[in-house]
Amino acid sequence: MISIGSTLLHYKRPEIQKEIVEAAKDREIATQFKEGFGARPDTLSYPSDILELTKAGATSFHMSEERWSNVLSLNTKLKKKDLEELRSGWDLILDIDCKFIEYSKITADLLIKALHYQGVHSVSCKFSGGSGFHIGVPFEAFPERVHQKKTKDLFPDGPRRIATYLREMIKTHLSKKILKVTDIDSIIKKTGKKFNELVKKNQFDPFTILDIDTILISSRHLIRMPYCFNEKTGFISIPLDPKKVLEFNLEDAKSKNVKVSKFKFLDVSNSKSNEAKKLIVQSFDFEVKTEQPQEKKERNFEEITKKVPEEFFAPCIKKGLEGLEDGRKRFVFTMVNFLRCVGWPYEDIEVRLKEWNKKNQEELREIYIISQIRYHKSQKKRVPPPNCSNDQYYKSIGIYTPECDKIKNPLTYTLRRLSYLNKKKPRKKKQ
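Residues numbered from 1 in each chain as written. Predicted model: local features only at pLDDT ≥ 70, side-chain atom pairs only at ≥ 80, totals over all residues. Heavy atoms only, no water.

## Quick look at the state of the cysteines
Cut-off, in case you're wondering: The disulfide criterion used throughout: a pair of cysteine sulfur atoms within 2.5 Å.
Inspection of the entire model under this criterion finds zero disulfides. Free cysteine Cys 98: the closest other cysteine sulfur is in Cys 125, separated by 14 Å.

Given below as structure tokens:
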């Protein structure tokens, strides 16, 4: 844990205070203390706020991806329509999730180049403070409307579609770039994964060892603010020159070496109206094309109205519920969809996921679980979890079982069990 002496030494610097306050404008802010996050919603308006909070034990500050007309009006009971009325915009923030910084740097560099290729030049980048990077594009770069809808209301769907589109766009290039600096044997040794987990159809799949945030973007989702500590590593989340990500050195992120950069994260002054129009339109069109050939959804899942006991869950789901080392956020996504399809009310889903979270090697923040449930609730429809053939949600997080080879979806297993049980029930004899 970072000492209060270290945090005071860092956050008392006027130039650091100035950068944090400027980044906080129109955003919801959450303050991290040793015991957890402070009350939400909150704001940062004055440099003196930062020093006073640090004296009270604050270790870092986090900001929303969304911008709000009235931050303090936010609360957990607001419906989707209410949030849209309060939301004035959102920034595209791509979060590279990877344990190995050398692979993260390559991914960040390719994402930045892909955005430039799409005509987006107001691209910014910052080191997350851990082993990844955040790539940002300010809301001012996007058109006012996309397919007759206000862009400000396309959250979180807009960022998700863009992230998915870019992920597929760089996949082949990323695979080649990583294999230029290492080989499969070294990756196996470094990650602890097996050859058949890393190589699909004779091609190395880079997304078996890293991911770009595509499902984790949700309303009121927070990211670490520029120039703030990462409590786990002690490093500072610093903005970088987007053209020199590959040259990043961890030494520069040590608090004693941190200097305010001329490069700002989400720099609005560099953006041009509509420069990201092509990007967001093609991302929505790409989603439409990729959704068409998908197999039909599981039949009858909406007919399940009573809460199905866990004894009927698929083995992969049961295995995941024992606790995970990797892929916890992806598993939350899978579980919320799965549990809704097997008749679980949202209140029970929240309780069960909080119980599961305590079994993980490293717990997720509770607010993340709550925000994911809130988002699914706002969709007002039941959607099956990802299919068992989707390695990102099963094999790559270590919950794939032999039963997965026999079923299309975890929901299939439960439906079959229930169907078999109903057939075994003896019919009542007619009087």
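Additional details are given in the paragraphs that follow.
## Some points on the packing of helix α2 (residues 14-23) against helix α3 (residues 47-55)
Test applied: With axes taken as lines fitted to C-alpha atoms, and helix axes fitted only over the stretch in contact, angles between N-to-C directions fall between 0 and 180 degrees. Helix and strand labels come from DSSP, where a helix needs a run of H or I of at least four residues and a strand needs a run of E of at least two; each type is numbered from the N terminus. Just so you know how the angles are binned, under 35 degrees is roughly parallel, over 145 roughly antiparallel, 65 to 115 roughly perpendicular, and the rest oblique. Contacts are residue-level and defined by heavy atoms, with any inter-residue pair within 4.5 Å sufficient.
As a packed pair, α2 and α3 sit with axes 8 Å apart at the nearest point and diverge in direction by 110°. Overall, the two elements α2 and α3 adopt an arrangement that is roughly perpendicular. Only Pro 47, Ser 48, Ile 50 and Leu 51 of α3 make contact with α2, whose side of the interface consists of Gln 17, Ile 20 and Val 21.

## Looking at the sheet that holds strand β1 (residues 29-33)
Put simply, the rule is: Strands were regarded as paired on the criterion that DSSP finds at least two bridges between them.
Within the open sheet, the four strands sit side by side as β2-β1-β3-β14. Their pairing is antiparallel. Only two strands of the sheet have a single partner each, and these edge strands are β2 (36-37) and β14 (222-224). Bridging between β1 and β2 involves two bridges; their strand directions are antiparallel. Considered in β2, the bridge of Phe 33 is made with Gly 36. Where α3 meets the sheet, it contacts β1 and β3 (58-64), and its direction lies at approximately 130° from that of β3.

## A closer look at the pairing of strand β8 (residues 133-137)
What counts, and what does not: Whether a residue is buried, partly exposed or exposed follows from its accessible area with a 1.4 Å probe, protein chains only, as a fraction of its type maximum: under 20%, in between, or over 50%, in that order.
Within β8, five of the five residues are buried, leaving the element largely enclosed by the surrounding structure. Side chains Phe 133, Ile 135 and Val 137 project from β8 onto one buried face, and the interleaved His 134 and Gly 136 project onto a second face that is buried too. By the bridge criterion, four bridges tie strand β6 (residues 92-98) to β8 in an arrangement that is antiparallel. Looking across to β8, one finds that Ile 93 is bridged to Gly 136. By the bridge criterion, four bridges tie strand β7 (residues 124-127) to β8 in an arrangement that is antiparallel. Residue pairing across strands places Ser 124 opposite Gly 136, the latter belonging to β8. What sits between β7 and β8 in their antiparallel hairpin is a turn of five residues, with Gly 129 showing a positive phi close to 100°.

## Things to note about the packing of helix α5 (residues 101-117) against helix α6 (residues 157-181)
Test applied: Two helices cross in a left-handed way if the nearer one is turned anticlockwise from the farther one by less than a right angle. They cross in a right-handed way if the turn is clockwise. Each residue is assigned to one of three groups, with Ala, Val, Leu, Ile, Met, Phe, Trp, Tyr, Cys and Pro labelled nonpolar, Asp, Glu, Lys and Arg labelled charged, and all others, Gly among them, labelled polar.
α6 packs onto α5 with a crossing angle of 140° between their chain directions and a minimal axis gap of 9 Å. Classed by the angle they form, the pair α5 and α6 counts as oblique. Two packed elements cross with a definite hand, and for α5 against α6 that hand is right-handed. Of the residues in α6, those touching α5 at Tyr 103, Ile 106, Thr 107, Leu 110, Leu 111, Ala 114, Leu 115 and Tyr 117 are Leu 166, Met 169, Ile 170, His 173, Leu 174, Lys 177, Ile 178 and Val 181. Of the residues assigned to the contact of α5 with α6, the class counts are 13 nonpolar, two polar and one charged.

## Examining the environment of Phe 204
Secondary-structure assignment places Phe 204 in strand β12 (residues 203-204). Taking the C-alpha atoms as reference points, Phe 204 and Lys 176, 28 residues apart in sequence, are found 8.4 Å from one another. With residues up to four places along the chain from it excluded, the contact list for Phe 204 reads Ser 175, Ile 178, Leu 179, Ile 184, Ile 187, Leu 198, Val 199 and Ile 209.

## What about the sheet that holds strand β13 (residues 210-212)?
Read across the sheet, five strands follow the order β13-β6-β8-β7-β15 without closing on themselves; strand pairing throughout is antiparallel. Edge positions in the sheet fall to β13 and β15 (239-240), since each of these pairs with one other strand and no more. Sheet contacts for α6: β6 and β13; angle to β13, the most-contacted strand, approximately 145°.

## Points about helix α1 (residues 4-11)
As a reminder, the rule being used: Regarding the arc, it is the one traced by the directions from the helix axis to the C-beta atoms.
Taken together, the buried positions of α1 are Thr 7, His 10 and Tyr 11. Along the long axis of α1, the arc covered by the buried residues comes to 85°, so they all point the same way. In this structure, the buried side of α1 is in contact with α2, α3 and β3.

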